[in-house]
Amino acid sequence: EAFNTLKQLFSTMPVLRNFKDDAETVLIVDTSKIATGAVLTQKFEDNKLHPIGYYSAKLQATPAWSATELELKGLTLSIEHFREFLYGRKFTVYSDHHSLEYFREFKNHSSRLNKLSAKLVDYDFTVVYKKGNSVPIRTVDYMSRYPDEEKIDFISYIEPLNLEEEQQKDNEIS
């Protein structure tokens with residue numbers, strides 16, 4: 001029921017904002033063991049984050065991957081998905097996985113972390129930790145935990161506060 005509500009909200013007004021080259025850009029990412037979800041946002045005149053695009057994809061079976069490896073995989077997939085907006089510009093990433101703030105400083109990377117980190121070398125971004133229950137992270141939390149399709153690529157808008165209310169009503173994710 002919650003997923004169908006989200007699908008309807010994602011496809012109705014108000015719609016996404018157009019990308020502006022001079023606006024502050026924030027990519028919000030969350031990854032679970034089964035999927036990753038992301039929303040590309042920008043701050044506009046009202047100083048609020050407005051969505052530019054949504055992305056979600058199921059992950060291949062990765063039972064032996066650590067939480068950090070999964071989160072970095074989700075970050076890499078999300079950045080690659082929004083490459084046309086992110087390449088060549090400075091942006092911020094919000095994540096609920098604290099160690100991603102330091103992934104460039106890891107010593108003794110696993111081969112997986114090395115490969116994923118290498119894909120991000122050409123991007124200029126800073127990772128900022130946000131608690132999992134904060135509004136920015138809750139916006140993508142559902143997409144990373146309950147993927148219904150192999151890949152979801154919504155181009156529409158949902159008010160984060162409404163999403164939070166809907167998540168609190170849903171006993172399966174509360």
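Relevant structure appears above.
My aim in this report is to walk through the structure given alongside it, one point at a time. As the structure is a computational prediction, the values presented were derived from the model and not from experiment.

The rules behind the values
- Residues numbered from 1 in each chain as written.
- Predicted model: local features only at pLDDT ≥ 70, side-chain atom pairs only at ≥ 80, totals over all residues.
- Heavy atoms only, no water.
- Axes fitted to C-alpha atoms, helices over the stretch in contact; angles between N-to-C directions.
- Helix = DSSP H or I, 4+ residues; strand = E, 2+ residues; numbered from the N terminus.
- Parallel < 35°, antiparallel > 145°, perpendicular 65-115°, else oblique.
- Left-handed = near helix turned anticlockwise from the far one by under 90°.
- Contact = heavy atoms within 4.5 Å.
- Nonpolar A, V, L, I, M, F, W, Y, C, P; charged D, E, K, R; others polar.
- Phe/Tyr/Trp six-rings, centres within 6.5 Å; stacked < 30°, edge-to-face > 60°.
- Buried < 20%, exposed > 50% of the residue type's maximum accessible area, 1.4 Å probe, protein only.
- Pairing = 2+ DSSP bridges.

## Notes on the packing of helix α2 (residues 67-81) against helix α4 (residues 111-119)
Between α2 and α4, the least distance of the axes is 10 Å, while the angle of their chain directions is 25°. Put simply, α2 runs roughly parallel to α4. The hand of the α2/α4 crossing is left-handed. Side by side, α2 and α4 meet where T68, E69, L72, K73, T76 and E80 of the first sit next to R112, L113, L116, S117 and K119 of the second. When its residues are assigned to classes, the contact of α2 with α4 shows three nonpolar, three polar and five charged.

## Section: the packing of aromatic side chains
Counted by the stated rule, this structure contains four aromatic pairs. Note on F19 and F85: the rings are 5.0 Å apart at their centroids and 40° apart in plane angle, and the pair reads as tilted. Of this pair, F19 sits in the loop between α1 (2-10) and β1 (25-31) while F85 sits in helix α3 (residues 83-86), placing them 66 residues apart in sequence. A ring pair is formed by F103 and F125, whose centres lie 6.0 Å apart and whose planes are at 15°; its orientation type is stacked. With F103 in the loop between β4 (90-95) and α4 and F125 in strand β5 (residues 124-129), this pair connects stretches of sequence that are 22 residues apart. Judged on exposure class, the residue F103 and its partner F125 are both buried.

## A closer look at the pairing of β1
Looking along a regular strand, one sees the side chains alternate between the two faces of the sheet. With seven of seven residues buried, β1 lies mostly within the body of the structure. The alternating pattern of β1 places T25, L27, V29 and T31 and V26, I28 and D30 on opposite faces, both of which are buried. Looking at chain direction, β1 and strand β2 (residues 35-43) are connected through seven bridges and run antiparallel. Bridge pairing links D30 to G37 in β2. Between the antiparallel neighbours β1 and β2 lie three residues. In terms of strand pairing, β1 meets β4 through four bridges, oriented parallel. In the sheet register, V26 faces β4, and the bridge partner there is T92.

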